[in-house]
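# Topology and contacts: notes
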Amino acid sequence: MRVLEVFDSLQGEGVWAGVAMTFVRLAGCNASDLRLACLAWCDTPQSWRRDGGTDTDISEIVEQVRQSGLGRVCLTGGEPLLQGESVESLVDALQHVGVLVHVETNGTLPLPDGLRPDWVTVSPKPPVHFIDDRLRGMVDELKVVVDQDFVAARVEMLAADHPSAAVCLQPEASRLAETGAVATATVMAHPGWRLSIQLHRVLGIA
Ligand code: SF4
């Protein structure tokens, strides 16, 4: 599968912020095909090309994750589910050796039928924040970036569609003063939702 990078760090966002894990960043993103507005503030444009990174055997990735010894991995991108069948095999292989697997997706694609990650974060993107219906019942966390066009009512609808998901609002970093204020006010008005500040940016780590 096409892998951009494998590295150990703290999860910087959402419910698991501050927890050490190994990140596997897969190559390829469908945001430009779908004209998603996140192209304007994406912090990983190096992940967009589907032929980016290097062709890597699943066994090699598993070995790298095992050697890290952290026991928890986050599959991210880009949009990792573009490599659906390979992702399914990778998750199986990681879970087989006792590693807990998180998947972070933009929600535009379903999970492959047999894929059962230990944690699923869906970060739907503007302008419409579409989430594929086939993800209903499988979402552990909704992570929504608060940008200049943010509308809380849209997140309320998403939360209603995914009632068991934790809701995290994340201020868009390039306009933090403005988006942070909106995100904070929105969380205060929605008890149970939480603020997600990009911890890795604060700390200046990967
Ligand atoms: S979907 Fe994710 S990786 Fe792709 S452009 Fe948007 S923020 Fe970046």
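In case you missed it, the structure is sitting above this.
Quantities reported herein were computed from a predicted structural model and do not represent experimental measurements. (Residues numbered from 1 in each chain as written. Predicted model: local features only at pLDDT ≥ 70, side-chain atom pairs only at ≥ 80, totals over all residues.)

## Here we look at the site of the ligand
Surveying the vicinity of the ligand reveals 13 residues, the closest of which are Cys29, Ala31, Cys38, Cys42 and Asn106. In terms of residue class, the shell around the ligand is built from six nonpolar, five polar and two charged. (Near = placed C-beta within 6 Å. Nonpolar A, V, L, I, M, F, W, Y, C, P; charged D, E, K, R; others polar.)

## A short note on the nonpolar core
Val73, Leu75 and Leu142 are the most contacted members of the largest nonpolar core, which has 41 residues in total. When neighbours within four sequence positions are excluded, Val73 is seen to be in contact with Met21, Thr22, Val24, Val65, Leu94, Val99, Val101 and His102. (Core = buried A, V, L, I, M, F, W, Y, C linked by C-beta atoms within 7 Å. Buried ≥ 20, exposed ≤ 12 C-beta atoms within 10 Å, placed from the backbone. Contact = placed C-beta atoms within 7 Å.)

## Quick look at the pairing of strand S5 (residues 100–105)
Among the six residues of S5, five are classified as buried, and the element is accordingly described as predominantly covered. As paired elements, strand S4 (residues 72–76) and S5 share four bridges and run parallel to each other. In the sheet register, Val73 faces S5, and the bridge partner there is Val101. Pairing geometry for S5 and strand S6 (residues 119–122), over four bridges, is parallel. Paired with Glu104 across the bridge in S6 is Thr121. (Helix = DSSP H or I, 4+ residues; strand = E, 2+ residues; numbered from the N terminus. Pairing = 2+ DSSP bridges.)

## Some details on the environment of Pro126
Checked against the element boundaries, Pro126 lands in the loop between S6 and strand S7 (141–146). Sequence separation between Pro126 and Val182 is 56 residues, and the spatial gap between their C-alpha atoms is 16 Å.

## What about the pairing of S7?
Here S7 lies mainly inside the structure; five of its six residues are buried. With six bridges joining them, S7 and strand S8 (residues 166–171) adopt parallel strand pairing. When the sheet's bridge partners are listed, Val145 is paired in S8 with Gln170. In this view, the connection linking S7 to its parallel neighbour S8 by way of helix H3 (residues 152–161) has right-handed handedness. (Right-handed = clockwise from strand over helix to strand, strands pointing away.)

Scope: geometric values only; no functional claims are made or implied.
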